[in-house]
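One letter stands for each residue in the lines below.
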Amino acid sequence: RAIVKKVISTILAIELTVSLNPLSTNNRNVLANTNAYSGTVGENITWDYDENTQTLSFDGEGKLDYSSQISQFSKPIKTIKIGKDINYISVSNFEDNETIQQYIVEDGNEVYCTKDGVIYDKNEEKIIKYPSGVDNSQFKVPETVKEIGKYAFSSSKKLQNIILNKSINNIE
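Residues numbered from 1 in each chain as written. Predicted model: local features only at pLDDT ≥ 70, side-chain atom pairs only at ≥ 80, totals over all residues. Heavy atoms only, no water.

### Quick look at the pairing of strand β9 (residues 112–115)
For a regular strand, the rule is simple: side chains alternate between the two faces of the sheet.
Phase 1: Relative to strand β10 (residues 118–121), β9 runs antiparallel, the two sharing four bridges. Counted as the bridge partner of Cys-113 is Tyr-120 from β10.
Phase 2: Following β9, the chain reverses through two residues before pairing antiparallel with β10; Asp-116 in that reversal takes a positive phi of roughly 55°. (Pairing = 2+ DSSP bridges. Helix = DSSP H or I, 4+ residues; strand = E, 2+ residues; numbered from the N terminus.)

What follows is the structure, encoded as structure tokens:
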């Protein structure tokens, strides 16, 4: 009887630990033998992580709102891919990640684009997010940019100099 109690206690402890983990199997699917993880953010956005390429991809339609599941993701991320139908990105999802080397926005996105791994609005007039894992110590803001978004350069610890252009009229 003591052995049965120990087994039941162990099973309950394991279940409690798994259910409290924000990336537990309730919130992500481990795909057998692919080293990948996937889940959802909100109602219409899906995400997929490929451990081999360290790429986190978002697809679907609508807003990529803040998600503690994404912001607390513990795997190293080198690349973030944003689908063509995502029309809002909460950069808070990536604010504390210091390993991101590039963002890629899928062609056809009507709100965002990327150039040299940096996310801009479609007209390249606003910097949305600079990849914080880039080894560059200096970044020259392109001449087209008029605005720098809130948290655009957060966690970019290696970046020491940002050269602004004369067209900048707003820094959030």
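The discussion continues.
### As for the pattern of salt bridges
Phase 1: By the definition in use, this model includes eight salt bridges.
Phase 2: One salt bridge connects Lys-75 with Glu-51, and the closest N-O pair in it is separated by 2.9 Å. One end of the pair, Lys-75, is in the loop between α2 (68–71) and β6 (79–82); the other, Glu-51, is in the loop between β3 (45–50) and β4 (55–60), and 24 residues separate them in sequence.
Phase 3: A salt bridge links Glu-172 to Lys-126; the nearest nitrogen and oxygen atoms lie 3.1 Å apart. (Salt bridge = Lys/Arg side-chain N within 4 Å of Asp/Glu carboxyl O.)

### Overview of the environment of Ser-137
Phase 1: By the element assignment, Ser-137 lies in the loop between β11 (126–129) and β12 (138–140).
Phase 2: Not counting chain neighbours up to four residues away, the residues in contact with Ser-137 comprise Lys-158, Leu-159, Gln-160 and Asn-161. (Contact = heavy atoms within 4.5 Å.)

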